[in-house]
Amino acid sequence: METVTPYLAYIAALGISAIIPGPGIAAFVGQALGGDRRASAMFLGGIALGDVTYLTVAIVGLAAIAKTFASAFIVIKVLGGAYLVYLAYKFWTSDVGLTKIKRTEAQSGIGSFLAGYFVTLGNPKAIVFYLALLPTVLDLNNVHFAQWAVLAVLTVLIIFVALSPYAVLASKARTMMTQPKALRRLNRFAAAFIGGAGTLILAEAASAAYKTTRI
């Protein structure tokens, strides 16, 4: 049990952190409301890969380098935020015909994945979380590949388990609305979620850029 307990602590801490609402969850809910399950799953996959990326960065000890290249995080924030605003615009102005909707959604998989990935990478607070938590799980100075693999798998599973209920509820809300007028309102509601998340991320990027210029 001594080797299992730290991993249980990791699961609990990451699970709680994952379900706390933030820009990422807001964007994910908006994607689930305005898109199909495949696009939502791809977005969620991007979020999970972003977490695994930060997990890896923390384990290999690149936190100091990440801080040195803080401007890279600003660029990532801008790209992620801008894409979410663009996605919000597409949902707001989309044709609500069911054929048109399905065709648009089928092409949004890669874009959804990248959006989820950039949203996570645009949040450098995530690496602080991993740096604070990992020392309680393993010795960062002596990490084996097997330990990283276990944590990576746990991270992906936790992200999917914690956030999937958001997608399920949003998807059910969408399937209940089949009238064009109702779909138009739902698309605009989704656009508000996604656009709000994108705007918040862009605002954080602007704030970070301002602080960088004053240093």
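Residues numbered from 1 in each chain as written. Predicted model: local features only at pLDDT ≥ 70, side-chain atom pairs only at ≥ 80, totals over all residues. Heavy atoms only, no water.

### Side note on the overall build of the protein
A count of helical and extended segments in the protein gives 10 helices and zero strands. Listing the helices and strands of the protein from first to last along the sequence gives α-α-α-α-α-α-α-α-α-α. For the protein, the computed accessible surface area is about 11600 Å², with 71% contributed by carbon and sulfur atoms. (Helix = DSSP H or I, 4+ residues; strand = E, 2+ residues; numbered from the N terminus. Areas by Shrake-Rupley, 256 points an atom, 1.4 Å probe, with all protein chains shown as cover.)

### A word on helix α7 (residues 109-121)
Helix length check: α7, at 13 residues, gives a terminal C-alpha distance of 18 Å against a target of 18 Å (1.5 Å per residue), a fit within 8%. Every buried residue belonging to α7 is among Gly-109, Gly-111, Ser-112, Ala-115, Gly-116, Tyr-117, Val-119, Thr-120 and Leu-121, and all of these are buried. (Expected span 1.5 Å × (residues − 1). Buried < 20%, exposed > 50% of the residue type's maximum accessible area, 1.4 Å probe, protein only.)

### Observations concerning the side chain of Thr-120
Mapped onto the elements, Thr-120 comes out in helix α7. Not counting residues up to four positions away in its chain, the partners in contact with Thr-120 are Gly-46, Ile-47, Gly-50, Asp-51 and Tyr-54. (Contact = heavy atoms within 4.5 Å.)

### Side note on the packing of aromatic side chains
Under the counting rule described, the total for this entry stands at three aromatic pairs. Summarising the aromatic geometry, the rings of Phe-28 and Phe-43 are spaced 6.0 Å apart at their centres and angled 20 degrees between planes, so their arrangement reads as stacked. Placement of the pair is Phe-28 in helix α2 (residues 23-34) and Phe-43 in helix α3 (residues 37-59), with a sequence separation of 15 residues. With respect to class, Phe-28 is no different from Phe-43; both count as buried. Their ring planes at 55 degrees and their centres at 6.2 Å tell us that Tyr-117 and Phe-118 sit as a pair that is tilted. Note on Phe-118: relative accessible area 25%, which makes it partly exposed. (Phe/Tyr/Trp six-rings, centres within 6.5 Å; stacked < 30°, edge-to-face > 60°.)

### Considering the nonpolar core
In terms of nonpolar packing, the biggest core is built from 27 residues, with Phe-28, Phe-43, Ile-47, Leu-84, Ile-159, Leu-163 and Ile-194 touching the most fellow members. The set of elements that each furnish at least two residues to this core consists of α2, α3, α5 (70-93), α7, α9 (145-175) and α10 (180-214). Of all the elements, α2 adds the most residues to this core, at six residues. Leu-163 has contacts with Ala-18, Ile-25, Phe-28, Leu-44 and Ile-47, leaving out every residue within four places of it along the chain. (Core = buried A, V, L, I, M, F, W, Y, C linked by side-chain atoms within 4.5 Å.)

### Here we look at the environment of Glu-204
Position of Glu-204 among the secondary structure elements: in helix α10. With relative accessibility at 32%, the residue Glu-204 sits in the partly exposed group. The spacing of Glu-204 and Lys-77 is 127 residues in sequence and 7.8 Å in space, taken between C-alpha atoms.

### Thoughts on the packing of α3 against α7
Contact geometry of α3 with α7 gives a least axis separation of 7 Å together with a crossing angle of 35 degrees. In terms of crossing hand, the pair formed by α3 and α7 is right-handed. Taking contact as the criterion, the partners of Arg-38, Ala-39, Met-42, Phe-43, Gly-45, Gly-46, Ile-47, Leu-49, Gly-50, Asp-51, Thr-53 and Tyr-54 in α3 are, on α7, Gly-109, Ile-110, Ser-112, Phe-113, Ala-115, Gly-116, Tyr-117, Val-119, Thr-120 and Leu-121. Tallied by class, residues from the contact of α3 with α7 come to 12 nonpolar, eight polar and two charged. (Axes fitted to C-alpha atoms, helices over the stretch in contact; angles between N-to-C directions. Left-handed = near helix turned anticlockwise from the far one by under 90°. Nonpolar A, V, L, I, M, F, W, Y, C, P; charged D, E, K, R; others polar.)

### A look at a nonpolar patch on the surface
A surface patch of nonpolar side chains, amounting to about 230 Å² of accessible area, comprises Val-4, Leu-8 and Ile-11. Of note, Val-4 is situated in the segment before α1 (5-19). (Patch = residues over 30% accessible without salt bridge, like charges linked within 9 Å, V, L, I, M, F, W, Y side chains within 5 Å. Salt bridge = Lys/Arg side-chain N within 4 Å of Asp/Glu carboxyl O.)

### A word on the confidence of the model for the protein
The predicted model of the protein averages 74 in pLDDT, with 70% of residues at 70 or higher. This stretch, residues 97-107, has a pLDDT under 50; its non-local contacts, to residues over four places away or in other chains, come to 13 contacts. (pLDDT = per-residue confidence, 0-100.)

### Observations regarding α3
The first and last C-alpha atoms of α3 sit 33 Å apart over 23 residues, in line with the 33 Å expected at 1.5 Å per residue. A positive backbone phi angle near 75 degrees is found at Gly-61, which sits one or two residues after α3.

### Considerations on the environment of Ser-164
Locating Ser-164 in the fold gives a position in helix α9. Residue classification places Ser-164 among the partly exposed positions, given a relative accessible area of 26%. Not counting the four nearest positions on each side in its chain, Ser-164 is found in contact with Leu-44 and Ile-159. One polar contact links the side chain of Ser-164 to the main-chain carbonyl oxygen of Phe-160, over a distance of 2.4 Å. (Polar contact = N/O pair within 3.5 Å; in protein donor to acceptor, adjacent residues only side chain to side chain.)

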